[in-house]
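# Remarks on the overall topology
Residues per chain are reported as follows:
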Amino acid sequence: MVAEVRPEYDTEWSAMKAVAAKLGIGTTETLRKWVRQDQIDNGARAGTTTEESAQVKAMKKEIAELRRANEILKAAASFFAAELDRPHTRS
């Protein structure tokens, strides 16, 4: 919407202010961030796309889960190793 009305205003910021007011968005800065992210997602501006951000977030979550699983496996291995070292008596 900002791109559509941009020619009607002197600056991009004034166009954003008008659109933010029309849409009832609290601050123009919020709309500016959305416009910048849209430009990145469409390849018009350099940066991290929304899709890339989602992938990074998913990978970080997976890494955290794998680390937790490794800690559990290390604890289990330590427990079983200790069990093997203990002398067992048969009755």
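Keep in mind the model is a prediction, meaning the values are calculated, not measured. (Residues numbered from 1 in each chain as written. Predicted model: local features only at pLDDT ≥ 70, side-chain atom pairs only at ≥ 80, totals over all residues. Heavy atoms only, no water.)

Attention now moves to the overall build of the chain. When helices and strands are tallied, the chain shows four helices and zero strands. Its C-alpha radius of gyration of 27 Å places the chain more than 25% over the 12 Å reference for a compact globule of 91 residues. Its C-alpha atoms give the chain principal-axis dimensions of roughly 95 × 25 × 15 Å. For the chain, the residues scored as buried account for 15% of the 91 residues in total. Restricting the contact set of the chain to residue pairs at least 6 apart, pairs at least 24 apart contribute 9%. Accessible area for the chain stands at about 7,600 Å²; split by element, carbon and sulfur atoms hold 56% of it. Taken together, the 15 basic and 14 acidic charged side chains of the chain have centroids lying 6 Å from each other. (Helix = DSSP H or I, 4+ residues; strand = E, 2+ residues; numbered from the N terminus. Rg over C-alpha atoms; globule rule 2.2 N^0.38 Å. Buried < 20%, exposed > 50% of the residue type's maximum accessible area, 1.4 Å probe, protein only. Contact = heavy atoms within 4.5 Å. Areas by Shrake-Rupley, 256 points an atom, 1.4 Å probe, with all protein chains shown as cover. Lys, Arg positive; Asp, Glu negative; His and termini not counted. Charge placed at Lys NZ, Arg CZ, Asp CG, Glu CD.)

Within this numbering scheme, the UniProt entry marks residues 49-76 as carrying the feature "coiled-coil region" (unreviewed entry). Between the end C-alpha atoms of residues 49-76 there is a gap of 41 Å, over a span that is 96% helix and 0% strand. (UniProt positions renumbered as here; feature names shortened; annotations may be inferred.)

Next up on the list: the side chain of Thr 28. Mapped onto the elements, Thr 28 comes out in helix 3 (residues 28-41). Classification of Thr 28 by relative accessible area gives buried; the value is 15%. Apart from residues lying up to four places away in sequence, Thr 28 is in contact with Trp 13, Met 16, Lys 17 and Ala 20.

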